[in-house]
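# Examination of the molecular architecture
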Amino acid sequence: MDCWGVLLLGTHKLHLIEAVCYMKKLASLRCASLKCAFLVCRHFSHKAIQHYDVIVVGGGHAGTEAAAAAARLGAETLLVTQKISTIGALSCNPSLGGVGKGHLVKEVDALDGLCGRAGDWAGIHFSILNRRKGPAVWGPRAQLDRQRYREFIQAELLNTPKLTLLEGAVEELLVTESNPQKPGHHRITGVKLANGISHISASSVVLTTGTFLSGSLFVGRTTTPGVELPEEQLPCYLTYTTPAVEQVVHDSLHHNCHIQQDTKGPRYCPSIESRVLRFPGRSHQVWLEPEGLSSDLVYPQGLSMTMPPDMQLRLIREIPALHRAQIHMPGYGVQYDFVCPTQLNSSLQVKSTQGLFLAGQINGTTGYEEAAAQGLWAGVNAARSALSKPLVTLSRTESYIGVLVDDLVSRGVSEPYRMFTSRAEFRTSLRPDNADLRLTLKGFEEVGCVSQHRYKVAVRAHNHLKEGLAALEGLSLSSHKWRHKLPNINMSENKSTVMTGIDILQYKFSQRLKIEAVYKPHCDEQKKEIERIQKEENMALSPDIDYLSLPVSLSQEVREILHKIRPTTLGAASRLQGVTPAAIVHLLNYVQPTGHKEKKNFKS
């Protein structure tokens with residue numbers, strides 16, 4: 001691997017007596033050289049087994065999903081983490097899901113992952129974001145109890161067959177010559193632990209080191225080596241920043257090394273300093289979200305900062321409702337190395353090293369959900385590789401996980417990557433409500449990561465929905481016949497009348513049936529587009545096309561890229577960084593009719 005970078009990711013934690021702030025990510029990217037040393041050893045618990053099918057390094061959201069997925073496939077798996085007690089910790093905001101991110105959680109859950117069930121168990125406030133738009137872009141979100149979430153994840157892992165947890169640190173990756181029958185220059189053979197402990201061999205290794213690669217923390221102008229610091233609905237409250245908050249930001253600029261650096265933070269999660277400087281004179285939202293059922297701490301969503309602690313306290317107290325707040329832990333920034341993800345293939349295996357897989361923030365992403373999705377898929381393929389099974393991929397036409405992986409490995413990152421529904425060109429087909437229909441059956445029948453119980457539930461739901469859709473498209477029936485076709489619906493035996501498919505929506509699966517009915521024509525059209533793109537990948541593009549004035553819906557950025565590179569085929573155009581799949585659909589719609597016309601003229 002010859003291209004590494006550094007992410008400046010601020011996981012700021014501001015614990016308040018009346019408000020607790022675990023700040024979100026600030027980031028910048030720059031190239032750095034590859035290093036093979038990871039983590040710092042705290043203590044090590046010896047295990048008798050010295051060979052595993054899969055070793056997962058790191059116990060964050062990517063690592064826990066990777067380890068659990070590998071074990072579910074039947075691989076003897078070892079999870080190495082510095083502290084078992086911090087597995088499942090929500091190091092940033094205590095919430096899961098949201099627009100785009102909620103889709104990933106649903107898909108991880110459909111593949112029998114952990115985070116969805118943990119969110120159900122630890123949730124203290126549930127909501128659906130983006131409801132003003134259609135169900136395809138709704139964002140399921142849960143506010144979480146930190147302690148309950150961590151306890152659930154730890155209990156799941158400790159009770160997972162074929163999975164061993166080990167407190168320790170990995171110092172080196174062990175490699176040897178590659179298998180000449182497979183792509184790659186090297187082959188992973190295991191890891192070496194810190195403090196001189198002998199190596200542990202493995203057929204596959206998954207690195208999910210998160211912010212632990214050359215990590216350093218900074219608060220104000222102080223920088224120190226380190227890593228991240230340690231069914232009831234509770235209400236959330238909305239407040240706003242004041243002009244006094246803006247003044248504190250300006251007063252602290254000369255003390256803030258992040259702001260003084262020539263860096264660009266993430267567009268989607270800026271610090272309060274960046275927001276004030278970019279939008280002076282505005283009032284910014286701050287959501288006060290509870291930390292848990294038994295906690296008196298509140299998370300102020302929307303406040304990330306890296307100024308000195310005394311200035312942080314001054315800023316917090318300028319916000320209504322927080323005038324008497326006390327900081328339990330000041331905010332900080334964290335800087336660490338990441339791997340350019342274009343060095344991976346779509347299974348998340350490193351192209352140059354057989355058996356080495358990467359997942360999570362090490363690939364330049366940000367967020368629990370993005371990490372969990374990568375971790376699950378890397379764990380699946382690490383196990384399949386170790387068990388001599390073919391690696392598997394998810395297409396961007398069938399899942400948001402596929403969109404995430406494809407974006408990373410084909411385009412790379414120039415800033416921390418987070419998921420949005422706008423990244424998925426076939427999003428009307430990739431809805432939160434149908435994640436089980438899209439992935440659970442495949443996860444059991446083809447991948448092997450879904451339990452038989454989960455599979456049966458999905459099959460039952462699939463059959464009911466299929467029957468329901470067929471009924472909606474059919475003729476009107478008597479209530480007796482409706483009960484015969486859908487025996488699980490809660491319809492009175494005394495009801496005897498003719499009912500249409502629309503009438504039946506009031507019963508079980510009504511919401512999902514309605515969504516399927518609304519989106520069916522759009523999904524059918526998208527399916528045709530997918531098939532056309534796959535069929536016409538080798539379609540030639542004329543070198544004379546004037547992309548700058550082409551009468552199709554293309555962004556100016558896409559037009560300039562196509563004009564400069566001038567790809568020779570549709571497939572080549574689709575692989576250009578910055579050219580979106582949606583643009584390829586529009587280009588195909590333009591080129592294909594023209595091609596048919598030219599062919600007809602040639603024949604005449």
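Coordinates for the structure precede this section.
Residues numbered from 1 in each chain as written. Predicted model: local features only at pLDDT ≥ 70, side-chain atom pairs only at ≥ 80, totals over all residues. Heavy atoms only, no water.

### Quick notes on the packing of aromatic side chains
Scanning all chains against the criterion turns up two aromatic pairs. Ring geometry for Trp 121 against Phe 152: centres 6.4 Å apart, planes inclined by 35°, an arrangement best described as tilted. One end of the pair, Trp 121, is in helix H3 (residues 115-122); the other, Phe 152, is in helix H4 (residues 146-158), with 31 residues separating them in the sequence. On the accessibility criterion, Phe 152 (15% relative accessible area) is buried. Where Phe 444 meets Tyr 455, the ring centres are 4.0 Å apart and the plane angle is 15°; that geometry is what we call stacked. (Phe/Tyr/Trp six-rings, centres within 6.5 Å; stacked < 30°, edge-to-face > 60°. Helix = DSSP H or I, 4+ residues; strand = E, 2+ residues; numbered from the N terminus. Buried < 20%, exposed > 50% of the residue type's maximum accessible area, 1.4 Å probe, protein only.)

### Topic: the pairing of strand S5 (residues 51-57)
Burial of S5 is extensive: six of the seven residues sit out of reach of the surface. As judged from the six bridges shared by S5 and strand S13 (residues 200-207), these two strands associate in the parallel manner. Bridge pairing links Val 54 to Ser 204 in S13. As defined by bridge partners, S5 adjoins strand S6 (residues 77-81) across four bridges and the pair is classed as parallel. Counted as the bridge partner of Ile 55 is Leu 78 from S6. (Pairing = 2+ DSSP bridges.)

### Focus: the pairing of strand S18 (residues 298-301)
By the alternation rule, side chains of S18 split into Val 298 and Pro 300 and Tyr 299 and Gln 301, which are all buried. In the sheet, strand S17 (residues 285-290) pairs with S18 via four bridges, with the strands oriented antiparallel. Bridge pairing links Trp 287 to Gln 301 in S18.

### Thoughts on the nonpolar core
Here is a general trend for soluble globular proteins: nonpolar side chains tend to be buried in one another's company. Formed by 92 residues in total, the largest nonpolar core has its most connected members in Val 54, Ile 55, Tyr 149, Leu 157, Val 205, Trp 377 and Val 380. Not counting residues within four places of it along the chain, the set of residues in contact with Val 205 comprises Ile 55, Val 57, Leu 173, Ile 188, Gly 190, Val 191, Gly 355, Leu 356 and Phe 357. Met 539, Ala 573, Val 579 and Val 591 belong to the second-largest nonpolar core, a separate cluster that totals 19 residues. (Core = buried A, V, L, I, M, F, W, Y, C linked by side-chain atoms within 4.5 Å. Contact = heavy atoms within 4.5 Å.)

### Notes on the sheet that holds strand S9 (residues 139-144)
Read across the sheet, three strands follow the order S7-S9-S8 without closing on themselves; strand pairing throughout is antiparallel. The open sheet has two edge strands with one neighbour each: strand S7 (95-97) and strand S8 (123-129). Strand-to-strand twist across the sheet, computed as the mean angle between neighbouring axes with direction ignored, equals 20°. Pairing of S7 with S9, which is carried by three bridges, proceeds in the antiparallel orientation. The residue of S9 that forms the bridge with Leu 96 is Ala 142. (Axes fitted to C-alpha atoms, helices over the stretch in contact; angles between N-to-C directions.)

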